[in-house]
Amino acid sequence: MSQPASPPLTERQEARRRRILHASAQLASRGGFDAVQMREVAESSQVALGTLYRYFPSKVHLLVATMQDQLEHMHGTLRKKPPAGDSAAERVAETLMRAFRALQREPHLADAMVRALTFADRSVSPEVDQVSRQTTVIILDAMGLDDPTPAQLSAVRVIEHTWHSALITWLSGRASIAQVKIDIETVCRLIDLTDPADG
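Numbering of residues begins from 1 in every chain and follows the order in which that chain's sequence is written. Local features in a predicted model are, by the rule used here, given only for residues with pLDDT of at least 70; side-chain atom pairs are given and counted only at 80 or more, and totals for whole chains, interfaces and linings are based on all residues. Only hydrogens and water are set aside; all other atoms, that is, all heavy atoms of the structure, feed into the side-chain values.

Draft legend 1. Geometry of the environment of Val131. Starting at the N terminus, helices and strands are each numbered in turn, a helix being any DSSP run of H or I of at least four residues and a strand any DSSP run of E of at least two. With respect to the element layout, Val131 can be found in helix H7 (residues 125–143). Considered as a pair, Val131 and Glu72 are 59 residues apart in the sequence and their alpha carbons are 9.1 Å apart. The contact definition used throughout considers only heavy atoms, calling two residues in contact when any of these lie within 4.5 Å. Beyond its immediate stretch of four places on either side in the chain, Val131 contacts Val64, Met67, Gln68, Leu71 and Leu117.

Draft legend 2. Highlighting the packing of helix H8 (residues 150–171) against helix H9 (residues 177–188). One can describe the packing of H8 onto H9 by two numbers: an axis separation of 10 Å at closest approach and a directional angle of 170°. Judged by the angle between their axes, H8 and H9 are roughly antiparallel. Counting all contacts with H8, which are made through Val158, Ile159, Thr162, Trp163, Ala166 and Trp170, the residues of H9 involved are Ile177, Val180, Asp183, Ile184, Val187 and Cys188. The convention used is that axes are lines fitted to C-alpha atoms, helices contributing only their stretch in contact, and that angles between N-to-C directions extend from 0 to 180 degrees. For classification, angles of less than 35 degrees are called roughly parallel, those exceeding 145 degrees roughly antiparallel, those between 65 and 115 degrees roughly perpendicular, and all remaining angles oblique.

Draft legend 3. Local environment of H9. Here, expected helix span is obtained from the residue count minus one, scaled by 1.5 Å. Between its terminal C-alpha atoms H9 stretches 16 Å, which fits the 16 Å expected from 12 residues at 1.5 Å a residue. The set of residues buried in H9 consists of Ile177, Val180, Ile184, Val187 and Cys188. Taken end-on, H9 shows its buried residues confined to a sector of 100°, consistent with a single buried face. The cut-offs for exposure are 20% and 50% of the maximum accessible area for each residue type, with area from a 1.4 Å probe on protein chains only; residues under the lower value are buried, those over the upper are exposed, and the others partly exposed. Arc, as used here, means the arc of the directions from the helix axis to the C-beta atoms.

Draft legend 4. How the structure looks around a negative patch on the surface. Like-charged residues within 9 Å of one another, or nonpolar side chains (Val, Leu, Ile, Met, Phe, Trp, Tyr) within 5 Å, are grouped into patches, provided each residue has over 30% relative accessible area and no salt bridge. Using a 1.4 Å probe, the Shrake-Rupley method yields the accessible areas, and only the shown protein chains count as cover for residues. Any carboxyl oxygen of Asp or Glu within 4 Å of a side-chain nitrogen of Lys or Arg constitutes a salt bridge here. Neither His nor the chain ends is counted toward charge; the positive residues are Lys and Arg and the negative residues Asp and Glu. Note on charges: their place is set at NZ of Lys, CZ of Arg, CG of Asp or CD of Glu. Together, Asp86, Glu90, Asp192 and Asp195 line one region of the surface with negative charge. Along the polypeptide, Asp195 turns up in the segment after helix H10 (190–193).

Structure follows, in structure tokens:
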């Protein structure tokens, strides 16, 4: 069942939401998931605790929204300096590794956001969907595609799953960056297999 569309935020509400997300990212980058306490986020962003809960009903909602916000920023940065690979697969692998390295620079924040995604239950579906949509847009952009086929979208989903799993295995110390790079490059080859021009 689709959620009713929320009315767009006013300029003041948008500014408040930005302050909340900024405070959440700052607290997470200092101390990870446990450092993000709703009361502290409210104080840092100068909003009442009740107001914070109206925007984000839980810490998990807040951190998943923080991840979507971080990915949006990353997408802006990537657009300014697009990947240089010859094939779509190379460009996507380069893009995802650049996103990965950006997260690597803020390991506490990355850990907090990925943990929130892992804990997210059905009530957080709209926020999780936004993270997924944002990741899809980043990948399609790197591929240079506006109108993907169902097979290409399926490949993008598998690439997203791999990227997400690679983040978890790296954060838990079970995979090196070199291993992550190999896995990302391997899964990105699916793009070549689903290219209609090759069929």
